[in-house]
Amino acid sequence: MDLLAANDAVARHNRALFQRHGVYVVNVMSGPGAGKTTLLEATVDALRARYRIGVIEGDLHTDVDAARLRARGVPAIQINTEGACHLTAEGVHTRLGELDLGALDLLFVENVGNLVCPAEFDLGEQDRVMLLSVTEGDDKPLKYPLMFHKATALLITKTDLMDPSRFDLQQATQASRAYNKDLSVIPLSAVTGVGMADWVAWLEPRCRAVDRGARGKWAS
Ligand SMILES: Nc1nc2c(ncn2[C@@H]2O[C@H](COP(=O)(O)OP(=O)(O)OP(=O)(O)O)[C@@H](O)[C@H]2O)c(=O)[nH]1
Ligand SMILES: [Mg+2]
């Protein structure tokens, strides 16, 4: 409880900082390999012409994900948690000085690949988006409910593999909404591009709302 309370205090500080700079921040969470970095690469390609985008990458080790985003022409910093299974608000705060927040409209924070721990730690984001890839199975909302409960949007990824994975989209959607009735569910494949327009259509108005000066609406 103490650990979470301390984290939440720093998260509130981060959130105020993001609001002051007019940056829309999305915490991207999923189990390992669900397609977070691939999604961010495709999202950057789709939005780079209209929004100034930055990325914070969280991984236990290596900076390969940050390098992938830098190759797309956006600033990306890598946080290595050295064994911890999630990012913390403090860990993010410590590195924020490396980004020019005033020069960003949209900041993605890719959390450590883990279907449980990241959901417990607020980072100061405005939205939590989680990915569930079809290859993980449609039973995951039942077995790992917390992240489905905490997310604003659920992206069902790798839909190009839906049939061979025998993934039941309707069952996964129903199970997820049992925990979170307002959850937006967006099936997509970042590889084929099918569904990417739906994801961008969900994201863009939220990002634009910051530009219109609605910064106060997320104050906690
Ligand atoms: N078929 C298919 N493969 C995908 C798709 N998205 C990602 N992949 C593949 O899934 C694997 C993992 O993708 P990443 O984007 O690295 O996944 P991640 O969630 O960032 O992984 P971690 O950061 O290690 O947790 C790679 O081999 C990708 O090419 C997709 O839409 N369809
Ligand atoms: Mg990744």
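Structure report, in brief. Remember, it's a predicted structure, so these values are computed and weren't measured experimentally.

Taken together, 18 residues form the shell around ligand 1, and within it Lys36, Thr37, Thr38, Lys158 and Asp160 come nearest. In this structure, Lys36 approaches ligand 1 through a side-chain N or O atom, which is 2.7 Å from an oxygen atom. Here an oxygen atom of ligand 1 and a side-chain polar atom of Thr37 are 2.8 Å apart. A total of 650 Å² of accessible area belongs to ligand 1 in isolation, and the protein chains cover 71% of it. Cavity membership is defined here by more than half of the atoms lying within 2 Å of grid points; on that basis ligand 1 lies in the largest pocket.

Here the focus is the pattern of salt bridges. With the rule as written, the count across this model stands at 16 salt bridges. A salt bridge links Glu204 to Arg208, with the shortest nitrogen-to-oxygen separation between them at 3.7 Å. Within this pair, Glu204 and its partner Arg208 are both found in helix α9 (residues 196-211), separated by four residues, close to a single helical turn. Accessibility expressed as a relative area gives 13% for Glu204, which makes it buried. A single network of salt bridges, built from pairs that share partners, joins Glu41, Asp45, Arg48, Asp65, Arg68 and Arg72.

Turning to the coordination of the magnesium ion (ligand 2), a few remarks are in order. All of the protein donors around the magnesium ion (ligand 2) are Thr37 (OG1), Asp65 (OD) and Glu110 (OE); their distances to the metal are 2.1 to 2.2 Å. Donor residues for the magnesium ion (ligand 2) sit on one chain with the sequence pattern T-x27-D-x44-E. Here Glu110 lies in strand β4 (residues 106-110) and Asp65 lies in helix α3 (residues 64-70), a separation of 45 residues in the sequence. With relative accessibility at 2%, the residue Glu110 sits in the buried group.

So, how was this worked out
Residues numbered from 1 in each chain as written. Chains lettered and ligands numbered in written order. Predicted model: local features only at pLDDT ≥ 70, side-chain atom pairs only at ≥ 80, totals over all residues. Heavy atoms only, no water. Near = heavy atom within 4 Å. Polar contact = N/O pair within 3.5 Å; in protein donor to acceptor, adjacent residues only side chain to side chain. Areas by Shrake-Rupley, 256 points an atom, 1.4 Å probe, with all protein chains shown as cover. 1 Å grid on protein atoms, 1.4 Å probe; cavity = no way out; pocket = protein on both sides within 12 Å on 5 of 7 lines; lining within 4 Å. Sits in = over half its atoms within 2 Å of the grid points. Salt bridge = Lys/Arg side-chain N within 4 Å of Asp/Glu carboxyl O. Helix = DSSP H or I, 4+ residues; strand = E, 2+ residues; numbered from the N terminus. Buried < 20%, exposed > 50% of the residue type's maximum accessible area, 1.4 Å probe, protein only. Donors = N, O, S within 2.8 Å, 3.2 Å for Na, K, Ca; no water.

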